[in-house]
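Residue-level listing of the chains:
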Amino acid sequence: MAKKKHHAQHKTAPALFKDIQLIRQSDAEWQIPQQSPMRVPCHVFATDAVRATLDSATLRQACNVATLPGIVTASMVMPDAHSGYGFPIGGVAAFDPDAGGVICAGGVGFDIACGVRTLVTGLTPDDVLGKRTQLADALFRSIPCGVGTGGAIPLTSVSLEAMLTGGAKWAVAHGYGTQADLDHTEEGGFMRGARPEFVSAEAKKRFMDQLGTLGSGNHYMEVQRVTDIYDATAAQAFGIAVDDILLSIHCGSRGLGHQIGTDFLPRMADKADYFGITLPEKELACAPIFSDLGQEYLGAMRAGINCALANRQVLTHLARGVFAECYSHSRLRMIYDVSHNTCKEEQHVVNGKKRLLHVHRKGATRAFGPGHPELPAFCRSVGQPVIVGGSMGTPSYILAGCTDSAKSFCSANHGAGRSMSRTTARKTIHGKDMLAVLDRMGITIRTSDMRSIAEEAPEAYKNINAVVEATEKAGLARRVARAVPLICIKG
DNA sequence: ATGTTC
């Protein structure tokens, strides 16, 4: 009734936050003070060097997030942040369901549970250098990649439902890995509370032939060499040493997660009036956690998390086959698997009081510190492995969560972060030249689409060393190891 | 990110 009359107001985004001031708190922390209609301030984690990479669109989006009902403490911005769909990529926000808190589909992102897992191969640099072309070709042949590419492992509607509930655990039960893999995966390999019945038939249909596929964009499978160890104790706990050869897999939930976002965003936007939520922009559409729609999205999103975990598990199995084909002594032992597009229910201490919050991490990695009760035994004493994937041709880092990471609801950055849009990168960078440069650097690339080489060029990303330095200086996570790429299979 | 602008 009266609600209907104001419907148009919610459709039009008012020009909020024209004047955004960053107030320095320390070497690597800034605050954007709360101003109406923000409910909380923004906390921005950046050194001076990284602050220059945070454009006004990103900060405005962080302020928009700060207006949402039930947000706790602050809207947070990681050092790798850049603007995304509604909600910054590299954004973290926690909501209290008991305070009217919301679940925001744009705060998770389209590629639900996109993430990285890194394994130690048991090989030496000489093993790889001696068979560089053979290994690259074998990986490229066996790992389906690219837009619209299907895999070799078809699902049935029955097995798909089980996979959406069981995640990597389902994959292991079907022969695609080991219990040890699950012990080194967030959530022990599967997300509780998945509700496949809230995933649309269309989303399910899109994934029927996508299990064990890499996808496109920034997704990759990369062979890396460890060049530096910064924290010997944590490196030992993670089982990494200098000159170890690693395999990193970066991918997500493919068409299924994307379709969940596509399905729920308009449903949330349409019900903003009904829920009495004033949206700063439509792209931030959300629903109260304690609403049918909010619960449906959470159930579907958790199924999407399981989909991504199963996908990375099957890709691991495929990679093991390739390595076994090329080497008699490889073993591909998991370090850890982290997701960086999620919303998870977690207990956090806020002003000395324990609260159960829904923590959105969009392009941000969970970074539980030492002693966190949810951590598996292998890393309990040193903190969670935080895998920070580099862009093509640049180093990756393995960090560890710190006690101080509590200030960001136990979150850290997930990568370098884009500094150039895909469109600009395509216009200014030539994929073929890029490949030649990388080849001279000793990096072998195989790709299904030359356009992604331009889009994913190192120049299109922030300097990962500077980003990681900011994360460390802010106390969110500390450096454990650095690795450089040798072979990269690009989607 | 994405059956690459259903």
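Residues numbered from 1 in each chain as written. Chains lettered and ligands numbered in written order. Predicted model: local features only at pLDDT ≥ 70, side-chain atom pairs only at ≥ 80, totals over all residues. Heavy atoms only, no water.

As recorded by an unreviewed UniProt entry, chain A carries the name tRNA-splicing ligase RtcB and is attributed to Desulfovibrio subterraneus. As recorded by UniProt, the Subunit (unreviewed entry) comment attached to chain A reads in full: "Monomer." Turning to chain A, the UniProt record has this under Sequence similarities (unreviewed entry): "Belongs to the RtcB family." (UniProt positions renumbered as here; feature names shortened; annotations may be inferred.)

Enquirer: How should I be thinking about the confidence of the model for chain A in this particular structure?
Expert: Should the pLDDT be low somewhere, the predicted coordinates at that spot are not to be read in detail. Mean pLDDT over chain A works out to 95, with 97% of the residues at or above the 70 mark. This model gives residues 1-12 a pLDDT under 50, and the stretch forms eleven contacts once residues within four places in sequence are excluded. (pLDDT = per-residue confidence, 0-100. Contact = heavy atoms within 4.5 Å.)

Enquirer: What is the right way to look at the pattern of salt bridges in this model?
Expert: A pair can form between side chains of opposite charge whenever their charged atoms are brought close. Applying the stated criterion to the full structure yields 28 salt bridges. The partner of Lys204 in a salt bridge is Glu161, with the nearest N and O atoms 2.9 Å apart. Of the two residues, Lys204 sits in helix α9 (residues 201-207) while Glu161 sits in helix α7 (residues 157-173), which places them 43 residues apart along the sequence. Overall, Lys204 belongs to the buried group, its relative accessible area being 14%. (Salt bridge = Lys/Arg side-chain N within 4 Å of Asp/Glu carboxyl O. Helix = DSSP H or I, 4+ residues; strand = E, 2+ residues; numbered from the N terminus. Buried < 20%, exposed > 50% of the residue type's maximum accessible area, 1.4 Å probe, protein only.)

Enquirer: Please explain the sheet that holds strand β13 (residues 353-362) as it appears in this structure.
Expert: The strands making up a sheet associate through backbone hydrogen bonding, with each pair oriented either parallel or antiparallel. Taking strand neighbours across the sheet as the criterion, the seven strands line up as β1-β2-β3-β4-β5-β13-β12 in an open arrangement whose pairing is mixed. The open sheet terminates on both sides in strands that have one partner only, identified here as β1 (23-26) and β12 (341-350). Averaged over all neighbouring strand pairs, the angle between strand axes comes to 25°, with direction disregarded. Pairing geometry for strand β4 (residues 75-82) and strand β5 (residues 89-95), over three bridges, is antiparallel. Within the sheet, the bridge partner assigned to His82 lies in β5 and is Ile89. Helix α4 (residues 56-65) contacts β2 (29-32), β3 (42-45), β4 and β5 of the sheet and is inclined by roughly 155° relative to β4. Packed onto the sheet, helix α13 (residues 292-326) meets β12 and β13 and runs at close to 110° relative to β12. (Pairing = 2+ DSSP bridges. Axes fitted to C-alpha atoms, helices over the stretch in contact; angles between N-to-C directions.)

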